[in-house]
Amino acid sequence: MITVVGTGTGAPVPEDVVAGAALVVGGRRHLDAVRLPEAAERVVLGPLAPALDTIARYAGQKVVVLASGDPGFFGIVRALAERFGAGRLDVRPGVSSVATAFARIGLPWDDAVVVSAHGRELRTAVNVCRARPKVAVLTGPGAGPAELGAALPADRVLVVASALGDPARERVERVTPAEAAARDWGTAVSVVLCLDQTRALGTVRTVAGVPAQPARWALDEGEFAHRDSMITKFEVRALALARLGPRLGDLVWDVGAGSGSVAVECARLGAAVVAVEKAADGVERVRANARAHGVDVAVVHGSAPEALDGLDDPDAVFVGGGGRELADIIGACARRARRTVVVAMAALDRVPAAREALMAAGLTCDGLLLQSSRLAPLPGDVTRLAATNPVFLLWGVRTQVSSKGVDE
């Protein structure tokens, strides 16, 4: 039997748990905090594979693994169960660092999203923090409070919890992203909470963690403020969203945002979103629509492609509007998009150049002409079909891109 004990957030390891163990595996601080049997081999966790190989050599003997907090929560239990089988594990969880950190600041966390940046791409954690009001980030080398702070907007507050459970060293500090970016936090950070202070308390939940997908999408145009019907129609938006595939952990650009309807819908589906709009009244309209739908959309006032400089590379891009610079805008977006670019156009003349710009950036291109007719009432209690303006929709896909999820 392999006994896995969660420690490090205040609960000591009972001596009888390690008594008689032939092998004890754990982080250096965990091993130093426990009186080990004299005959036991001691393995300090570093690379996981050698530790698992050592555990395998002790088949039939008592093995104890010491881990932080709840070892079944982004912890070593997964690797042990995959290698040795769940039936060989006796897991004794402690309180996770996430639960402890939220307890220290007096907030519930059933509505928090938890994302690991330990040994993973930091950008996923950053995008989740941009999109959600309450996030716990499990940190690691090169993905700590300083790196998070450097990438996050000023309207977030970071709670940096260090050495949780250690009475002498524990610290829980609230800092701005800029303050976090300017400090060296050392190696004692347990977890970082990223909060939108205006929504930190949250609402009563039925399902914990990642929020449920919206009940409706491709919303009617009437659910957005717009100018003179200058808005991506819901039929076009539905197909564009299907090709964009926005999800939690993604970053999406909406270039030539107009009313921001595509930006808002991508944010409702969980993505972090940047809307680029050149008209000042359009900028305010995008912000108003984001507020009305309760989502975060970062708005850049400027003209593409110049306004794209300095933005983080997106997973997906929607390009609407455009003019003589459309091909240049598409090219700039396509060269930086990690997954896909979707372009909506009304003008037939611009289709060849747009298609060429997508393919020149190495994307596989496809598209269609979307025409629809909506039911419209006529006098006499009868109905006719009212045609909407046809729209060309092109999409370019980068075929060599690794699939990813928030928890990979």
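Before any of the text, the structure's been laid out above.
Being a predicted model, the structure only gives us computed values, none of them experimental.

Q: Go over the packing of helix 9 (residues 234–244) against helix 10 (residues 261–268), please, and point to the residues and values.
A: At a closest axis distance of 11 Å, the pairing of helix 9 and helix 10 adopts a crossing angle of 50°. Taken together, the axis directions place helix 9 and helix 10 in an arrangement best described as oblique. Where helix 9 crosses over helix 10, the handedness of that crossing is right-handed. The segment helix 9 lies against helix 10, with Arg 237, Leu 241 and Leu 244 engaging Ser 261, Val 262, Glu 265 and Cys 266. Classifying every residue of the contact of helix 9 with helix 10 by side-chain character gives four nonpolar, one polar and two charged.

Q: Give me the lowdown on the side chain of Thr 3, citing residues and values where you can.
A: Turning to its location among the elements, Thr 3 is positioned in strand 1 (residues 2–7). When neighbours within four sequence positions are excluded, Thr 3 is seen to be in contact with Val 17, Val 63, Val 64, Val 65, Asp 90 and Arg 92.

Q: Run through the pattern of salt bridges, naming residues and quoting values.
A: The tally for this structure, following the rule as stated, stands at 28 salt bridges. Across the pair Arg 130 and Asp 312 runs a salt bridge, and its minimum N-O distance is 2.4 Å. One end of the pair, Arg 130, is in helix 6 (residues 122–131); the other, Asp 312, is in the loop between strand 13 (298–301) and strand 14 (316–319), with 182 residues separating them in the sequence. For Arg 130, a relative accessible area of 19% corresponds to the buried category. A salt bridge links Arg 156 to Asp 196; the nearest nitrogen and oxygen atoms lie 3.9 Å apart. Taken together, the residues Arg 156 in the loop between helix 7 (145–151) and strand 8 (157–162) and Asp 196 in the loop between strand 10 (189–195) and helix 9 connect sequence positions 40 residues apart. Assigned by exposure class, Arg 156 and Asp 196 land together as buried.

Q: Help me get a handle on helix 12 (residues 326–336), residues and values and all.
A: Regarding helix 12, the residues found buried are Leu 326, Ile 329, Ile 330, Gly 331, Ala 332, Cys 333 and Ala 334. The inward-facing, buried residues of helix 12 abut strand 11 (251–255), strand 14, strand 15 (340–345) and helix 13 (351–360).

Q: Kindly report on the packing of aromatic side chains, identifying the contributing residues and their values.
A: Taken as a whole and judged by the stated rule, the model has two aromatic pairs. Geometrically, the ring pair formed by Phe 73 and Phe 74 is edge-to-face, given 5.3 Å between the ring centres and 90° between the ring planes. Judged by its relative accessible area of 28%, Phe 73 is partly exposed. Since its relative accessible area comes to 35%, Phe 74 is described here as partly exposed. Ring centres 6.3 Å apart and planes at 5° place the aromatic pair Phe 102 and Trp 109 in the stacked group. What makes Phe 102 buried here is its relative accessible area of 0%. The class for Trp 109 is partly exposed, based on a relative accessible area of 30%. Note that Arg 183 overlies the ring of Trp 185, its terminal NZ or CZ placed 3.8 Å from the centroid. Above the plane of the ring of Trp 395 lies Arg 243, whose end atom (NZ or CZ) is 4.5 Å from the centre.

Q: Outline the sheet that holds strand 9 (residues 171–175), supporting the account with residue identities and numerical values.
A: Read from one edge to the other, the open sheet built from five strands follows the order 6-7-10-8-9, with strand pairing classed as mixed. At either end of the open sheet lies a strand with only one pairing partner, and these are strand 6 (113–116) and strand 9. With direction set aside, neighbouring strand axes in the sheet form an average angle of 20°. In the packing of helix 5 (residues 97–104) onto the sheet, contacts are made with strand 6, strand 7 (134–138), strand 8, strand 9 and strand 10, and the angle to strand 10 comes to roughly 60°. Against the sheet, helix 6 contacts strand 6, strand 7 and strand 10, and its axis sits at roughly 165° relative to strand 7.

Q: Tell me about a negative patch on the surface, residues and numbers included.
A: A surface patch of negative charge is lined by Glu 306, Asp 309, Glu 325 and Asp 328. Its location among the elements puts Asp 328 in helix 12. Residue classification places Asp 328 among the exposed residues on the basis of a relative accessible area of 52%.

Q: Hey, could you go over the environment of Glu 221 for me, with residue numbers and the actual values?
A: Within the secondary structure, Glu 221 is located in the loop between strand 10 and helix 9. Judged by its relative accessible area of 12%, Glu 221 is buried. It is 9.8 Å that separates the C-alpha atoms of Glu 221 and Ser 259, two residues lying 38 residues apart in sequence. Ignoring any residue separated from it by four or fewer positions in sequence, one finds Glu 221 in contact with His 226, Ile 231, Lys 233, Phe 234, Arg 237 and Arg 374. There is a polar contact of 2.8 Å between the side chain of Glu 221 and the side chain of Arg 374.

Calculation notes
- Residues numbered from 1 in each chain as written.
- Predicted model: local features only at pLDDT ≥ 70, side-chain atom pairs only at ≥ 80, totals over all residues.
- Heavy atoms only, no water.
- Axes fitted to C-alpha atoms, helices over the stretch in contact; angles between N-to-C directions.
- Helix = DSSP H or I, 4+ residues; strand = E, 2+ residues; numbered from the N terminus.
- Parallel < 35°, antiparallel > 145°, perpendicular 65-115°, else oblique.
- Left-handed = near helix turned anticlockwise from the far one by under 90°.
- Contact = heavy atoms within 4.5 Å.
- Nonpolar A, V, L, I, M, F, W, Y, C, P; charged D, E, K, R; others polar.
- Salt bridge = Lys/Arg side-chain N within 4 Å of Asp/Glu carboxyl O.
- Buried < 20%, exposed > 50% of the residue type's maximum accessible area, 1.4 Å probe, protein only.
- Phe/Tyr/Trp six-rings, centres within 6.5 Å; stacked < 30°, edge-to-face > 60°.
- Lys NZ or Arg CZ within 6 Å of the ring centre and 35° of its normal.
- Pairing = 2+ DSSP bridges.
- Patch = residues over 30% accessible without salt bridge, like charges linked within 9 Å, V, L, I, M, F, W, Y side chains within 5 Å.
- Areas by Shrake-Rupley, 256 points an atom, 1.4 Å probe, with all protein chains shown as cover.
- Lys, Arg positive; Asp, Glu negative; His and termini not counted.
- Charge placed at Lys NZ, Arg CZ, Asp CG, Glu CD.
- Polar contact = N/O pair within 3.5 Å; in protein donor to acceptor, adjacent residues only side chain to side chain.

These figures capture arrangement, not role.
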